[in-house]
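Fold and geometry: a report
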Amino acid sequence: MPAIPQRRLWLLFGALATSLCLGACSSVGDSARGALTAVTPYKVEVVQGNFVSKEQVEALKPGMSRQQVREILGTSLLTDVFHSNRWDYVFTIRRQGVEPQRRHLTLFFNGEVLERFEGDPMPSEEEFVVQLDTRKRSGKVPPLEATEDQLKKFVPSKDKKADGDAAAAPATPPPALPAAYPSLESR
């Protein structure tokens, strides 16, 4: 019979521990909740399709062959079995902290010749690279200007210049660089 009271004691202890844990979860304050949401797991960058730049679209001209178009844009992401005269270039990118981007370009052929194309306005390669850079920049870059008085501080006088030339020539050559550097791997 002594086993039954001991089991009840353990059950009571487990129930008490569970209720304390659940009570602790509900007492998380706003500051702690904000800190927890600031720590987010890494989300994989998803890039799909063909990036087509503004420069590539400008190189397209009606009357080009399919091979010439393929050399400029690459192989299309989508080719429809039922519409063999249509190529679709779709590009999507999803990154953490940035709005998802989606761009679409459709080319229409008449036989083997490009007839027309339509789609979203494409960014230049430079604009696209700027959009990818999500680093936060803080502060302003100070202007690199100096007044005449500030520049005069650095102009050597004639007396100092003659002495400076003699002192500028090193008496001994600089030490040679080592033939090999130590390994950066931890041992």
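This structure is a prediction, so every number in the text was calculated from the model and none was measured.

**Some remarks on the overall build of the protein**
Scanning the protein from N- to C-terminus turns up 7 helices and 5 strands. Traced from its N-terminal end to its C-terminal end, the protein shows the element sequence α-α-β-α-α-β-β-β-β-α-α-α. For the protein, long-range pairs separated by at least 24 residues make up 50% of all intrachain contacts whose partners lie at least 6 apart in sequence. A total accessible area of about 15,900 Å² is found for the protein, and carbon and sulfur atoms account for 60% of it.

**Observations regarding the confidence of the model for the protein**
Taken residue by residue, the protein gives an average pLDDT of 77. The fraction at 70 or more is 73%. Within the protein, no element has a lower average pLDDT than helix H7 (residues 158-168), which sits at 55, and none a higher one than strand E5 (residues 113-119), at 93.

**A few points about empty space enclosed by the protein**
Applying the stated rule across the entire model yields 1 cavity of 30 Å³ or more. In this structure, the largest cavity occupies an estimated 30 Å³ of space. Every residue lining the largest cavity is listed: Asn50, Val52, Tyr89, Val90, Phe91, Arg103, His104, Leu105 and Met122. Of all the secondary structure elements, the ones that give two or more residues to the lining of the largest cavity are strand E3 (86-95) and strand E4 (98-110). Here the lining of the largest cavity is composed, by residue class, of 6 nonpolar, 2 polar and 1 charged.

**Considerations on helix H4 (residues 66-73)**
Among all positions of H4, only Arg66, Val69 and Leu73 are buried. For H4, the buried positions fall inside an angular range of 60 degrees around the axis, keeping them on one side. For H4, the elements touching its buried residues are helix H3 (54-59), E3, E4 and E5. Looking one or two places after H4, you find Gly74, whose phi comes out positive at around 90 degrees.

**Focus: the pairing of E5**
Sheet analysis places E4 next to E5, joined by 6 bridges and oriented antiparallel. Bridge pairing in E5 links Thr106 to Glu118. The antiparallel pairing of E4 with E5 creates a hairpin that spans 2 residues between the two strands, and Gly111 there sits at a positive phi of about 75 degrees.

**Considerations on the pattern of salt bridges**
Counted under the stated rule, the structure contains 3 salt bridges. The partner of Asp88 in a salt bridge is Arg86, with the nearest N and O atoms 3.1 Å apart. Using a relative accessible area of 32% as the deciding quantity, one classes Arg86 as partly exposed. In this structure, Arg116 and Glu118 form a salt bridge, with 2.9 Å as the shortest nitrogen-oxygen distance.

**Here we look at the packing of aromatic side chains**
Evaluation of the coordinates by the stated rule reveals 5 aromatic pairs. Between Phe51 and Phe91, the ring centres sit 5.6 Å apart and the planes meet at 70 degrees, which makes this aromatic pair edge-to-face. In this pair, Phe51 is assigned in the loop between strand E1 (46-49) and H3 and Phe91 in strand E3, connecting sequence segments 40 residues apart. A connected cluster of aromatic rings, assembled from ring pairs, spans Phe51, Phe91 and Phe128. Between Arg66 and the ring centre of Phe109, over which it is positioned, the NZ or CZ distance is 4.5 Å.

Rules behind the numbers
Residues numbered from 1 in each chain as written. Predicted model: local features only at pLDDT ≥ 70, side-chain atom pairs only at ≥ 80, totals over all residues. Heavy atoms only, no water. Helix = DSSP H or I, 4+ residues; strand = E, 2+ residues; numbered from the N terminus. Contact = heavy atoms within 4.5 Å. Areas by Shrake-Rupley, 256 points an atom, 1.4 Å probe, with all protein chains shown as cover. pLDDT = per-residue confidence, 0-100. 1 Å grid on protein atoms, 1.4 Å probe; cavity = no way out; pocket = protein on both sides within 12 Å on 5 of 7 lines; lining within 4 Å. Points joined across faces, edges and corners; volume = space filled by probe spheres on them. Nonpolar A, V, L, I, M, F, W, Y, C, P; charged D, E, K, R; others polar. Buried < 20%, exposed > 50% of the residue type's maximum accessible area, 1.4 Å probe, protein only. Arc of directions from axis to C-beta. Pairing = 2+ DSSP bridges. Salt bridge = Lys/Arg side-chain N within 4 Å of Asp/Glu carboxyl O. Phe/Tyr/Trp six-rings, centres within 6.5 Å; stacked < 30°, edge-to-face > 60°. Lys NZ or Arg CZ within 6 Å of the ring centre and 35° of its normal.

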